[in-house]
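Topology and contacts: notes
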Amino acid sequence: MSTSAPPRRGPRVLPFPAAAGLARFVVARNATAFRRAWVLLLSGFVEPVFYLFSLGVGLGALIGRVTTDGGSVVEYAAFVAPGLLAASAMNGAIFDATFNVFFKLRYQHLYDAMLATPIGPRDIAVGEITWSLLRGSLYSGMFLVVALVAGLVRSWWALLALPAAVLIGLAFGAVGMFTTTYLRSWQDFDYVTLAIQPMFLFSATFFPLSTYPDALQWLVRLTPLYHGVALERGLMLGEVSWGLLWHVAYLLVLGVVGVVGTSRRIATLLLT
């Protein structure tokens, strides 16, 4: 009587994304875990709103109007709102894909337990990234409602601002989780903060890109948050052109690279 070896569950069993068909159960698990902690889920929405009304409205009364890189002249609050919308998507995705994933991976050993079920490494990677971008999209959706009520939306193109926020969440969630797989201790999160905080302040979030020195402008253009800010600002202010597709392509490629890299890293960490 001959026996056949069980099939290997690894990164080469099925090509991406075919081996991620059970990712929805990872998302469902996270949604169930936050069902009784919805206040924590919504906590990341508060900070951008504070920035909007303290800087956008408060400081905006002193600054008055600004000229965007697209040539429009708008109130400072209307200029800042799209940048904070992009930052909401970034914060919701990056912090869930880093701190929470690190705890589950290194301390809770949740993913080891998941592997005892039909769920595979790619399901875990895609499920966690999907959850992080859903969380970022939730923050962005609530912030967009606040901006709309405050009269800071200038164009019907803003209907696409939420799908754009989903794309921003995909990029940061995927790259964030990929980075987390290389972190060794909680002290390593200082590097995450060191990358996120300057990006938040200097990615044309609060000032037009044209106000930066030429050398610094090239550096800003390399950051993913700048592309998210430029995309959201173009949609919310009606500065729509073919150039926005460049920002879409940048974020989409970054997200796909992050998902593929995370899938392989998770498989390596959990199956070896």
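Nothing here was measured: the structure is a model prediction, and the numbers come from that model.

**Brief notes about the overall build of the protein chain**
In terms of helices and strands, the protein chain carries eleven helices and two strands. Going from the N terminus to the C terminus, the protein chain shows its helices and strands as α-α-α-β-β-α-α-α-α-α-α-α-α. In the protein chain, buried positions account for 50% of the 272 residues. Summed over all atoms, the accessible surface of the protein chain reaches about 13700 Å², with 69% contributed by carbon and sulfur.

**Brief notes about the packing of aromatic side chains**
Scanning the entire structure with this criterion turns up twelve aromatic pairs. Judged by centre distance (6.3 Å) and plane angle (25 degrees), the ring pair of Y76 and F79 falls under stacked. Separated by three residues within a single helix, Y76 and F79 lie in helix α4 (residues 76–108), roughly one turn from each other. Here Y76 matches F79 in class, with each residue buried. On the basis of an interplanar angle of 25 degrees and a centroid distance of 5.8 Å, the ring pair of F95 and F99 is categorised as stacked. A residue pair is termed a helical-turn pair when its members lie 3 or 4 positions apart in one helix, as F95 and F99 do in helix α4 at four residues. Sitting over the face of the ring of F79, R233 holds its NZ or CZ atom 3.7 Å from the ring centroid. We note R265 situated over the ring of Y182; from NZ or CZ to the ring centre the distance is 3.9 Å.

**Description of the nonpolar core**
Ranked by size, the top nonpolar core spans 67 residues in total, and within it F172 and M236 carry the most contacts. If you tally residues by element for this core, the top one is α4, at 18 residues. Core analysis: the next-biggest nonpolar cluster, separate from the first, contains six residues, A204, Y212, V220 and A230 among them.

**Describing the side chain of S132**
Considering the arrangement of structural elements, one finds S132 in helix α6 (residues 121–149). Exposure remark for S132: the relative accessible area of 0% places this residue in the buried category. When residues no more than four places from it in sequence are discounted, the contact partners of S132 are G92, A93, D96, A97 and G173.

**Here we look at the packing of helix α1 (residues 23–33) against α6**
Packing of α1 against α6 leaves a shortest axis separation of 7 Å and a crossing angle of 45 degrees. Classified by the angle between their axes, α1 and α6 sit oblique to one another. Considering only the axes of α1 and α6, their crossing is right-handed. Across from A23, V26, V27, N30 and A31 in α1, the residues of α6 making contact are D123, I124, V126, G127, E128, T130, W131 and L134. Its residues placed into classes, the contact of α1 with α6 shows eight nonpolar, three polar and two charged.

**Here we look at the side chain of Q217**
Turning to its location among the elements, Q217 is positioned in helix α9 (residues 214–221). Assessed through its relative accessible area of 12%, Q217 is described here as buried. A polar atom in the side chain of Q217 sits 2.9 Å from the backbone oxygen of Y212. Once residues within four sequence positions are removed from consideration, Q217 is found in contact with L209, S210 and Y212.

**Thoughts on unusual backbone geometry**
Positive phi, normally seen in glycine, also occurs at H109, with a value near 55 degrees. Assignment of secondary structure puts H109 in the loop between α4 and α5 (110–114). The backbone of A204 sits at a positive phi, close to 60 degrees, despite the residue not being glycine. If you trace the backbone, A204 turns up in the loop between α8 (189–202) and α9.

**Some thoughts on the packing of α4 against α6**
Closest axis-to-axis distance for the α4/α6 pair is 8 Å, and the angle between their directions is 150 degrees. What the angle tells us is that α4 and α6 run roughly antiparallel. Here the hand of the crossing between α4 and α6 comes out right-handed. For the pair formed by α4 and α6, the contact residues are A81, L84, L85, S88, A89, G92, A93, D96, A97, N100, V101 and K104 on the first element and E128, W131, S132, R135, G136, Y139, S140, F143 and L144 on the second. Residues that form the contact of α4 with α6 fall into these classes: eleven nonpolar, six polar and four charged.

The rules we used
- Residues numbered from 1 in each chain as written.
- Predicted model: local features only at pLDDT ≥ 70, side-chain atom pairs only at ≥ 80, totals over all residues.
- Heavy atoms only, no water.
- Helix = DSSP H or I, 4+ residues; strand = E, 2+ residues; numbered from the N terminus.
- Buried < 20%, exposed > 50% of the residue type's maximum accessible area, 1.4 Å probe, protein only.
- Areas by Shrake-Rupley, 256 points an atom, 1.4 Å probe, with all protein chains shown as cover.
- Phe/Tyr/Trp six-rings, centres within 6.5 Å; stacked < 30°, edge-to-face > 60°.
- Lys NZ or Arg CZ within 6 Å of the ring centre and 35° of its normal.
- Core = buried A, V, L, I, M, F, W, Y, C linked by side-chain atoms within 4.5 Å.
- Contact = heavy atoms within 4.5 Å.
- Axes fitted to C-alpha atoms, helices over the stretch in contact; angles between N-to-C directions.
- Parallel < 35°, antiparallel > 145°, perpendicular 65-115°, else oblique.
- Left-handed = near helix turned anticlockwise from the far one by under 90°.
- Nonpolar A, V, L, I, M, F, W, Y, C, P; charged D, E, K, R; others polar.
- Polar contact = N/O pair within 3.5 Å; in protein donor to acceptor, adjacent residues only side chain to side chain.

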